[in-house]
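Reading the structure
Chain by chain, the residues run as shown.
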Amino acid sequence: MVDLSKDNNTQDNLSKCANGICLMRSNSSVRKRNNNNGAQVMAPKMGRMTSGVSKGLKSLRFLDRTVTGKEADAWKSIEKRFYQHALDGRLARDKFGVCIGMGGESKDFAGELFDALARRRMICAGNGITVEELRKFWEDMTNQDLESRLQIFFDMCDKNGDGKLSEEEVKEVIVLSASANKLANLKQQAASYAALIMEELDPDHLGYIEMWQLETLLRGMVNSEENTKLSKKTQTLTKAMIPRRYRTPFSRFLSTTEELLHENWKRIWVVTLWMTINLVLFVSKYYQYKNRAAYQIMGRCLCFAKGAAETLKFNMALILLPVCRRTLTKLRSSFLGRVVPLDDNINFHKLIALAIATGTFVHVVMHLTCDFPRMISCPKDEFAEIIGRSFNYEQPTYFQLLRSVLGVTGILMIILMAFSFTLALHSFRRSVIKLPWPFHHLAGFNSFWYAHHLLALVYILLVIHGYFLFLTNDWTKKTTWMYIMVPVLFYATERTYSLINESNHCVDIKKAVIYTGNVLALYMSKPPGFKYKSGMYLFVKCPDISSFEWHPFSITSAPGDDYLSVHIRTLGDWTTELKNRFALACQPENTQSRRGNLVRMETKAISDYEYQGGSAESWYPRILIKGPYGAPAQNFKKYDILLLIGLAIGATPFISIIKDLLNNIKPNDSESGSTSSSSSELNRRGPKRAYFYWVTREQGSFEWFKGVMDDIAEYDHDNIIEMHNYLTSVYEEGDARSALIAMVQKLQHAKNGVDCVSESRIRTHFARPNWRKVFSQMASTHQSSRIGVFYCGSATLSKPLKKLCQEFSLNSSTRFHFHKENF
């Protein structure tokens, strides 16, 4: 379902509003309003025959929910801030917003609220207000009387206090609301939207509107929302039945354990097997050296050191396999993809790295603090008799042990591994930590990437270290090279294959678009034989910037498209430089009117005929790609229902899936039949329904995939795809700072079918989704279904979403399977 079609009740109310709004007035009562001169202006009053208006007005608030808790606590916090910002016992107008919790972008809005409250209380606030006057302001803002809060909002708009709102006054409030909600595009179109409100509420062209007319518009909005909720009422009331095996505590515990085992059985058996192998290697090597003569001198320290070394050799070999991306992509389509958790390859890689660090620590500590001291302090006769043969009967000193081949290679390996492992930490790799100059370049993806390649030296040193063993002379028992030979050759072969075929990965740039929010979209030719599934990703390299750096990006084109596309957010040095280079080959698009008088600004690549003296491609940086590589989202077709969740640029893995579904929905050029046949074909191929939640904090982000959103609205007549856009920079519905924005959004969408926020045909929601409510509705709507939940975004939301999947899988008949994108 898409918020596209005009709701009948909304249309009825708006048509009444436009063609004689007096039909909704009550002639039996009037409202009195004081103007600046003390005169009373008589305005018609609406009859409250439904509870919809009350609910709508109750949601009109001036303070954040976090502020308006218990009255005593709320006022104490405001009073405390008053004394922090007041000067000589008076709070200035520009400090009012900070005092009541409307700082930052809402400062101007708070200033207008300050003026309206001062006019309402007839307070001369030129020099600020006292704490007693602030208390009165606070009482007005938190007044439980419905009409009182609406009157304050009206007073904000009515700056001259004549009881009428002119088009210019409406425009000014729209500008204030757009600024407070960081809606730059809407701010530019404030005049158009003010004219739209006047057109709807002032059908007689009087040049003004009154308070009761705004109230009428609010009533139409609330009625529309209530009808929408009513259509879902049966879904929310008919909660999915809880299976019997979850009803008693004991059966619930057994079932919970069973569910967790069923959900994680792939991880469990792989990790169990890995730990078992490590344990067997450690124990076998431990007892092997316990039965040797050297045990008499070095004791258990030698056993622990050699046991840890054996696990190190195994893990140093195994750690290469999870990063053989091409091989893993092939395995996803084999039977191993059904029994091995290939989606967790990076997590397994990190787990093995942790085991290597642990084994290294044990091995080094046992040697340096126990083995070596015992050996150099051993009586010479005993030393020569037991292990003298391994040292040519010369008892070494501590320093001689350190400067030996074993000591030097060991120290070098520790330094290189510590350096590489440190730069691989999240705080360094994501530039969370800020290092002082000249070490600031050590934080970032580039440092992580280059430092990881130093581990090739570690493998060379490891082979040397394993060959010059003190207590082992038989080369067949020096097994280090045996462990790592096959994995190293396998990994090297895959990397060499990519290097040899690198020339075949060169693509032609068909179009480049630079969007608001520092996003570069590249539309490239598809290389011959480049086959991929929706949800996969590829690596991109720009030799003009760096000859070695490859960066992963999700493919945003569908498999059926005749081109490849990626959307790149500039978050680091490499992506910023790439965008800057393409910006040189781009030109601004001519501003042109769009549906609903909306305007979009973007830059597009110069085409061949526009460029004089050569082709546009000659201006583009050279781009190479390699891939495609597998990702969790590529298996979306095995689920009954899809729940796709993307934060900001995290929407990219799912755009390809949406396009793939759309391509199955769209009628073919060779067929002119209805889309129902296409939809039924889609149902046989994959999910029956897809829900896409896109959460972003920048209005300009909606430009990235506006075409996809419009295609959903145009072609998805059977409600296969339900898209929900959330803009977190806008205050949630009911906040006074977004009240007029919500009114404009309703009118614009009802009249022109275009959302004023996203400038597409998909309605935009404000603030953040209530994820528990989302999962509850899906569990109720799709009982006994398998729902694939695919998430790409910040790790902060990953854990709550995974927990909700587990909770609703246990408490309903619906099964939620959570997947997070990893690169």
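Throughout what follows, the structure given in this document is the object of discussion. (Residues numbered from 1 in each chain as written. Predicted model: local features only at pLDDT ≥ 70, side-chain atom pairs only at ≥ 80, totals over all residues. Heavy atoms only, no water.)

Attention now goes to the packing of aromatic side chains. Applying the stated criterion to the full structure yields 33 aromatic pairs. Note on Phe 383 and Phe 391: the rings are 5.6 Å apart at their centroids and 45° apart in plane angle, and the pair reads as tilted. Residue Phe 383 shares its accessibility class with Phe 391, and that shared class is buried. Between the aromatic rings of Phe 654 and Phe 692, the centroid separation amounts to 6.3 Å while the plane-to-plane angle is 75°, which identifies the pairing as edge-to-face. (Phe/Tyr/Trp six-rings, centres within 6.5 Å; stacked < 30°, edge-to-face > 60°. Buried < 20%, exposed > 50% of the residue type's maximum accessible area, 1.4 Å probe, protein only.)

This brings us to the pattern of salt bridges. Per the counting criterion, the structure on display carries 17 salt bridges. Close ionic contact of Arg 93 with Asp 115 constitutes a salt bridge, the shortest N to O distance being 2.9 Å. Residue Arg 93 is found in the loop between helix 3 (71–85) and helix 4 (96–100), and its partner Asp 115 is found in helix 5 (residues 107–121); the two are separated by 22 residues along the sequence. Several salt bridges converge on common partners, so that one network encompasses Arg 120, Arg 121, Asp 140 and Asp 155. (Salt bridge = Lys/Arg side-chain N within 4 Å of Asp/Glu carboxyl O. Helix = DSSP H or I, 4+ residues; strand = E, 2+ residues; numbered from the N terminus.)

All right, on to helix 31 (residues 795–811) then. Counted at 1.5 Å a residue, the expected span for helix 31 with its 17 residues is 24 Å, and the 25 Å between its end C-alpha atoms agrees. Turning to helix 31, its buried residues number three or more, namely Leu 797, Ser 798, Leu 801, Leu 804, Cys 805, Phe 808, Ser 809 and Leu 810. On its buried face, helix 31 sits against helix 13 (249–290), strand 12 (641–647), helix 30 (771–781), strand 16 (786–792) and strand 17 (815–820). Here helix 31 starts with a cap whose side-chain oxygen sits 3.1 Å from the backbone nitrogen of Thr 796, and that cap is Ser 794. (Expected span 1.5 Å × (residues − 1). Contact = heavy atoms within 4.5 Å. Polar contact = N/O pair within 3.5 Å; in protein donor to acceptor, adjacent residues only side chain to side chain.)

Trans peptide bonds make up most of the peptide bonds, and negative phi angles are found at most residues other than glycine. Pro 628 follows Gly 627 through a cis peptide bond whose omega is 0°. Among the secondary structure elements, Pro 628 is positioned in strand 11 (residues 623–629). In this model, Asn 392 sits at a positive phi of 55°, which is unusual for a non-glycine residue. Mapped onto the elements of the fold, Asn 392 is located in the loop between helix 18 (380–386) and helix 19 (398–402). The residue Asn 719 is not glycine, and still its phi comes out positive at about 55°. Here Asn 719 lies in the loop between helix 28 (706–715) and strand 14 (721–727). With a relative accessible area of 33%, Asn 719 lands in the partly exposed category.

Turning our attention to the sheet that holds strand 17. If you trace the six strands from one edge of the open sheet to the other, you get 15-14-13-12-16-17, paired in parallel fashion. Strands with a single pairing partner mark the edges of an open sheet, and in this sheet they are strand 15 (764–766) and strand 17. With strand direction ignored, the average angle separating the axes of adjacent strands in the sheet is 20°. As defined by bridge partners, strand 12 adjoins strand 16 across six bridges and the pair is classed as parallel. Bridge pairing in strand 16 places Gly 646 opposite Cys 792. (Pairing = 2+ DSSP bridges. Axes fitted to C-alpha atoms, helices over the stretch in contact; angles between N-to-C directions.)

This part covers the sheet that holds strand 6 (residues 537–541). Judged by pairing direction, the sheet is antiparallel, and its four strands sit side by side in the order 3-11-6-7 without closing on themselves. Two strands bound the open sheet, and with one partner strand each, they are strand 3 (506–507) and strand 7 (551–554). Both strand 6 and strand 7 contribute to a ladder of four bridges, which runs antiparallel. The residue of strand 7 that forms the bridge with Tyr 537 is Ser 554.

Ranked by size, the top nonpolar core spans 98 residues in total, and within it Phe 96, Leu 113 and Ile 174 carry the most contacts. Counting residues in hydrophobic clusters, the runner-up holds 26 residues, among them Leu 522, Phe 530, Cys 542 and Tyr 620. (Core = buried A, V, L, I, M, F, W, Y, C linked by side-chain atoms within 4.5 Å.)

Within strand 14, seven of the seven residues are buried, which leaves the element mostly enclosed by the surrounding structure. Direction of pairing for strand 13 (residues 689–696) relative to strand 14: parallel, over a ladder of seven bridges. Directly across from Thr 696, in strand 14, lies its bridge partner Leu 727. Chirality of the crossover, the property in question, places the unit of strand 13, helix 28 and strand 14 among those that are right-handed. Relative to strand 15, strand 14 is paired through three bridges, and the arrangement is parallel. Within strand 15, the residue paired with Leu 727 across the bridge is Phe 766. (Right-handed = clockwise from strand over helix to strand, strands pointing away.)

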